[in-house]
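What follows is each chain in one-letter form.
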Amino acid sequence: MSERAVLAGGCFWGIQDLIRKLPGVEATRVGYTGGDVPNATYRNHGTHAEGIEIIFDPARISYRQILEVFFQIHDPSTLNRQGNDVGMSYRSAIYYVDEAQKQTALDTIADVDASGLWPGKVVTEVEPVGAFWEAEREHQDYLERFPNGYTCHYPRPGWVLPRRDAAE
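A brief look at the structure comes next. (Residues numbered from 1 in each chain as written. Predicted model: local features only at pLDDT ≥ 70, side-chain atom pairs only at ≥ 80, totals over all residues. Heavy atoms only, no water.)

**Some words on unusual backbone geometry**
Filter applied, for reference: Helix numbering and strand numbering both begin at the N terminus, where a helix is a DSSP run of H or I of at least 4 residues and a strand a DSSP run of E of at least 2. For every residue, the accessible area (1.4 Å probe, protein chains only) is compared with the maximum for its type, and the residue is labelled buried under 20%, exposed over 50%, or partly exposed between those bounds.
Unlike most non-glycine residues, Asn 39 shows phi in positive territory, near 55 degrees. Relative to the helices and strands, Asn 39 is located in the loop between β2 (25–33) and β3 (49–56). On the accessibility criterion, Asn 39 (55% relative accessible area) is exposed.

Here you go:
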């Protein structure tokens, strides 16, 4: 049975492009989440972050593994910023769907901080999931349609957590 993850880590185009390629990720869509405006849009999203909704098969990829990639492809130590993108829309956030996801998020953040591999302490928000307003059609699958389009997301080989025991 599929599970859902909702993350925000800067411009949603780059995160979608990298997360969608992971084995076990069944579907992704970008949108606005974690804010105060109903029916959020690109032009009117209030305090929402640009986010991604991920539907995944937990038998093929764990929530922890998704979070490990998430932390490798954006800088979770910059407040309200990714690269040239600045503002609340570009904050780092994990929106958990249940207590198990919340605990995994908190444990992963603790591991990231303890590793010393990232440039600073994690400022990623961990909040319960709320409404997810799907972004406009032109924002969906953007980097598939425009392979040379703007992104500030990329894998950082030096930001890889040591493997944990499979039983954890």
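**Things to note about the nonpolar core**
Definition in use: The nonpolar core is taken to be a set of buried Ala, Val, Leu, Ile, Met, Phe, Trp, Tyr and Cys residues, with the residues joined through side-chain atoms within 4.5 Å. In what follows, residue pairs with any heavy atoms lying within 4.5 Å of each other are defined as contacts.
Counting 28 residues, the largest nonpolar core has Leu 7, Ile 19, Ile 54, Phe 71 and Ile 94 as its most contacted members. At the level of secondary structure, the elements contributing two or more residues to this core comprise β1 (3–9), α1 (12–19), β3, α2 (63–73), β6 (92–96) and α3 (99–115). The element that contributes the greatest number of residues to this core is α2, accounting for seven residues. With residues up to four places along the chain from it excluded, the contact list for Ile 54 reads Glu 3, Arg 4, Ala 5, Leu 7, Ile 19, Val 25, Ala 27, Thr 28 and Ile 66. Among the nonpolar cores identified, the runner-up in size contains nine residues, and Cys 11, Phe 12, Trp 13 and Ala 135 belong to it.

**Things to note about empty space enclosed by the protein**
Threshold: Two kinds of site are reported from a 1 Å grid over the protein atoms alone, namely cavities, where a 1.4 Å probe fits but cannot get out, and pockets, open sets with protein on both sides within 12 Å along at least five of seven lines, and residues are called lining when an atom falls within 4 Å of a point. Grid points are joined across faces, edges and corners, and a volume is the space filled by probe spheres set on the points. Charged means Asp, Glu, Lys or Arg here, nonpolar means Ala, Val, Leu, Ile, Met, Phe, Trp, Tyr, Cys or Pro, and polar covers whatever is left, Gly included.
Counting across every chain of the model gives one cavity of 30 Å³ or more. Considering only enclosed or pocket space, the largest cavity measures out at about 30 Å³ in volume. The wall of the largest cavity is formed by Thr 78, Leu 79, Asn 80, Arg 91, Ser 92, Val 123, Thr 124 and Glu 125. Residue classes in the lining of the largest cavity are distributed as two nonpolar, four polar and two charged.

**Focus on the sheet that holds β6**
Note: strands within a sheet are paired through backbone hydrogen bonds, in either parallel or antiparallel orientation. Test applied: In this scheme, strands are said to pair when DSSP sees at least two bridges between them. Interaxial angle, 0 to 180 degrees, is taken between N-to-C directions of lines fitted to C-alpha atoms, where a helix line uses only the stretch in contact.
With mixed pairing, six strands are arranged side by side in an open sheet as β7-β6-β1-β3-β2-β8. What marks the edges here is a single partner per strand, and that holds for β7 (125–128) and β8 (132–134). Geometrically, the sheet is characterised by an average inter-axis angle of 35 degrees between neighbouring strands, direction not taken into account. When β2 meets β8, the two strands line up antiparallel, connected through three bridges. Within β8, the residue paired with Gly 31 across the bridge is Glu 134. Against the sheet, α1 contacts β1, β2 and β3, and its axis sits at roughly 170 degrees relative to β2.

**Points about the pairing of β1**
The element β1 is largely enclosed, with a buried count of five among its seven residues. Summarising the sheet, β1 and β3 pair through six bridges and their orientation is antiparallel. Residue Glu 3 lies in a different strand from β3, and its bridge partner there is Phe 56. In this sheet, β6 lies alongside β1 in antiparallel orientation, the contact comprising four bridges. Looking at β6, one finds that Leu 7 is bridged to Ile 94.

**A few points about the packing of aromatic side chains**
Basically, it comes down to this: We call Phe, Tyr and Trp rings a pair once their centres come within 6.5 Å, taking the six-membered ring for Trp, and we label the pair stacked below 30 degrees between planes, edge-to-face above 60, and tilted otherwise. Our definition puts a charge over a ring when NZ of Lys or CZ of Arg is within 6 Å of the ring centre and also within 35 degrees of the ring normal.
For the structure shown, the criterion picks out six aromatic pairs. One aromatic cluster is present, built from ring pairs that chain together Trp 13, Tyr 142 and Phe 146. Just above the ring of Tyr 154 sits the side chain of Arg 156; from NZ or CZ to the centre is 4.1 Å.

**Observations concerning the side chain of Arg 91**
Here is the rule: Counting of polar contacts relies on pairs of N or O atoms within 3.5 Å, with two restrictions inside protein: one atom must be capable of donating a hydrogen and the other of accepting it, and residues adjacent in sequence are counted only when both atoms are side-chain atoms.
By the secondary structure assignment, Arg 91 is in the loop between β5 (85–86) and β6. On the basis of relative accessible area, Arg 91 is assigned to the buried category, the value being 3%. Only 2.9 Å separates the side chain of Arg 91 from the backbone oxygen of Thr 47, close enough to count as a polar contact. A polar contact is formed between the side chain of Arg 91 and the side chain of Glu 125, at a distance of 3.3 Å. Once residues within four sequence positions are removed from consideration, Arg 91 is found in contact with Ala 8, Gly 9, Gly 10, Thr 33, Gly 34, Gly 35, Thr 47, His 48, Ala 49, Asn 80 and Glu 125.

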